[in-house]
Amino acid sequence: MASHESSYRPTSRFTKWIDDRLPLPRMMHGQFVDFPTPRNLNYLWTTGGLLTFFLVIQIVTGIVLAMHYVPSAHDAFNSVEHIRRDVNYGWLIRNIHAVGASFFFLAAYIHIARGLYYGSYKAPREILWILGVVIFLLMMATAFMGYSLPWGQMSFWAVTVITNLFSSVDAVIPGLGTRIVEWLWGGYAVSGTTLNRFYALHYLLPFVIAGVVGLHIWALHVVGQNNPTGLDIKSPSDAVPMAPFAIMKDLFGLSVFVLVFAWFVFFMPDYLGHADNYIEANPLSTPPHIVPEWYFLPYYAILRAIPDKLLGVIAMFSSILLLIFVPWLDTSRIRSTKYRPVYKIFFWLFIFTVVALGYLGAKPAEGVYVQWARVFTAYYFLHLLVVLPIVGVMETGRPLPNSITEAVLKKGSAAPKTR
Ligand code: HEM
């Protein structure tokens, strides 16, 4: 882990005894109390703490829900209603878990956009970034399987549509795709067997995520945090100890985010969901518009933008997997987009593209909606595969400050000239 002089001093004979045998308190102190944190971090750097908070909340509320939930096609829907109506505070636990999934993704999207804007994926943070992409994929798998559990109409038909995507492999090796789908289903259709295995995996994956998050934070503490200037910490004045400075800022950011979260939990818990999921799953009646949860909509739009089923599936998966290669696709020697006026325009165009794809993913796959989805899908890939490498080489960029301290002190005229 990042080497710095630890200020940890055992204060009693007992803590000294522990320190000589298992220096865990020393490690925690070194990594989470006096760890050098860039002094200029803005509120976007509180999203990592937010994500950790939501991971814990999802696991804790999920375990309580699992005590009352019944993973069978016959009872699942009613067991969720039972939780909401009969179990003490079941409505609250369920609302926190369902709305929590949305806010977890919201925090993840801000976290990823922050990384993209400030070039946090660039050397030496490539592994940290790739671990992030792995976490994101695991989050998507977990959320997808979790959404099947209430066994409403959208649960059932989302599982049917998405698992059926694998049948597109039939176009390459006839019969193989169908066999994969049947293997996933555990039968010839989505059924209670599918629900039961999704439940098992939905319970397991958050713990896998927690393990990868451990690696993610380990990798972060080896190389240290990036910051809005993209410059490395060069002198002690560039950094502050993590506690109390960064921790207090994290706690304030968390409080504000949780207030908004609480508003949804208490006043509009179903706003982010789909009304059809309050109709019990019925394999004989297909809803007119099958839409996933909001956080999957951009990928759903990409899938439907391409007329060929197999190519659509490939485009959808590669839109996420391409993120792994961003550290090498971006050829710029400047980390932070703050100092890249040309790339900044493309960056915001990319964000607009993802939001537009999200909007189009919720619309019917016809007419003008599909045409626009094609335009934005094209830009999504163009941005990652062409704009990132080419603008990186061609752009000169604005002059960088000499250090983080210089950038901070220059900003406010009221700030003291020396420190
Ligand atoms: C459960 C999900 C996640 C958790 C709990 C988590 C946790 C954290 C924490 C605590 C930090 C340090 C604080 C901060 O910089 O905000 C961090 C930094 C970082 N994370 Fe994540 N993360 C998650 C998902 C992701 C994803 C999906 C990505 C990208 C695809 C990602 C990429 C990064 C990067 C690049 C940094 C370094 C930022 C910098 O120093 O500028 N993380 N993460």
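Note: the structure precedes this text.
All of the points below concern the structure found in this document. (Residues numbered from 1 in each chain as written. Predicted model: local features only at pLDDT ≥ 70, side-chain atom pairs only at ≥ 80, totals over all residues.)

### With respect to the site of the ligand
In the region of the ligand, 28 residues are neighbours, and Gly48, Leu51, Ser120, Gly132 and Asn226 sit closest. Elements represented by at least two residues in the shell around the ligand include exactly α3 (47–66), α5 (90–117), α6 (126–148) and α9 (192–223). (Near = placed C-beta within 6 Å. Helix = DSSP H or I, 4+ residues; strand = E, 2+ residues; numbered from the N terminus.)

### Concerning helix α7 (residues 153–164)
Since the α-helix advances by 3.6 residues per turn, residues separated by three or four positions end up pointing in the same direction. The terminal C-alpha atoms of α7 lie 16 Å apart, and with twelve residues this matches the ideal 16 Å at 1.5 Å per residue to within 8%. Burial analysis of α7 places nine of its twelve residues in the buried class, the great majority of the element. For α7, the full list of buried residues reads Gln153, Met154, Ser155, Phe156, Trp157, Ala158, Val159, Ile162 and Thr163. Check the buried side of α7 and you find it contacts α6, α8 (176–185) and α9. (Expected span 1.5 Å × (residues − 1). Buried ≥ 20, exposed ≤ 12 C-beta atoms within 10 Å, placed from the backbone. Contact = placed C-beta atoms within 7 Å.)

### Quick word on the packing of helix α11 (residues 297–305) against helix α14 (residues 341–361)
Across the interface, α11 lies against α14 with an axial gap of 7 Å and an inter-helix angle of 75 degrees. Classified by the angle between their axes, α11 and α14 sit roughly perpendicular to one another. Contacts from Leu297, Pro298, Tyr300, Ala301 and Ile302 of α11 reach α14 at Val354, Leu357, Gly358, Leu360 and Gly361. Across the contact of α11 with α14, the residue classes tally to eight nonpolar, two polar and no charged. (Axes fitted to C-alpha atoms, helices over the stretch in contact; angles between N-to-C directions. Parallel < 35°, antiparallel > 145°, perpendicular 65-115°, else oblique. Nonpolar A, V, L, I, M, F, W, Y, C, P; charged D, E, K, R; others polar.)

### Observations concerning the environment of Ala373
Relative to the helices and strands, Ala373 is located in helix α15 (residues 367–394). In the structure, Ala373 is positioned 210 residues away from Thr163 in sequence and 22 Å away in space, judged by C-alpha atoms. With residues near it in sequence (within four places) discarded, Ala373 still touches Ala301, Arg304, Ala305, Leu357 and Leu360.

### Concerning unusual backbone geometry
Generally, phi is negative for residues other than glycine and the peptide bonds are trans, each holding for most cases. Cis geometry is found at the peptide bond from Ala123 to Pro124, where omega equals 5 degrees. On the secondary structure map, Pro124 appears in the loop between α5 and α6. The step from Ala243 to Pro244 runs through a cis peptide bond, and the omega angle for that step is 5 degrees. Unlike most non-glycine residues, Tyr89 shows phi in positive territory, near 60 degrees. Relative to the elements of secondary structure, Tyr89 occurs in the loop between α4 (76–85) and α5.

### Side note on the packing of α3 against α9
Following both chains from N to C, one finds α3 and α9 inclined at 155 degrees, their axes separated by 11 Å at the closest point. Between α3 and α9, the interaxial angle falls into the category roughly antiparallel. Of the two elements, α3 crosses α9, and the hand of that crossing is left-handed. Within the contact between the two elements, α3 uses Thr52, Leu55, Gln58, Ile59, Gly62 and Ala66 and α9 uses Tyr203, Pro206, Ile209, Ala210 and Val213. Residue composition of the contact of α3 with α9, by class: eight nonpolar, three polar and no charged. (Left-handed = near helix turned anticlockwise from the far one by under 90°.)

### Some remarks on the environment of Leu329
If you trace the backbone, Leu329 turns up in helix α13 (residues 326–329). Residue Leu329 is classed as partly exposed on the basis of its 18 C-beta neighbours within 10 Å. With 24 residues separating them in the primary sequence, Leu329 and Ala305 have C-alpha atoms 24 Å apart. Setting aside its immediate chain neighbours within four residues, Leu329 contacts Leu384, Leu385, Leu388 and Pro389.

### Quick word on the environment of Tyr147
As for its position among the elements, Tyr147 is in helix α6. Note on Tyr147: 24 C-beta atoms within 10 Å, which makes it buried. Among all residues touching Tyr147, those that are not within four sequence positions of it are Ser155, Ala158 and Glu293.

### A few points about the nonpolar core
Phe54, Phe104, Ala107 and Trp151 are the most contacted members of the largest nonpolar core, which has 41 residues in total. Contributions of two or more residues to this core are made by α3, α4, α5, α6, α7, α9 and α10 (242–267). The element that contributes the greatest number of residues to this core is α5, accounting for ten residues. Beyond its immediate stretch of four places on either side in the chain, Phe54 contacts Gly100, Phe103, Phe104 and Ala107. (Core = buried A, V, L, I, M, F, W, Y, C linked by C-beta atoms within 7 Å.)

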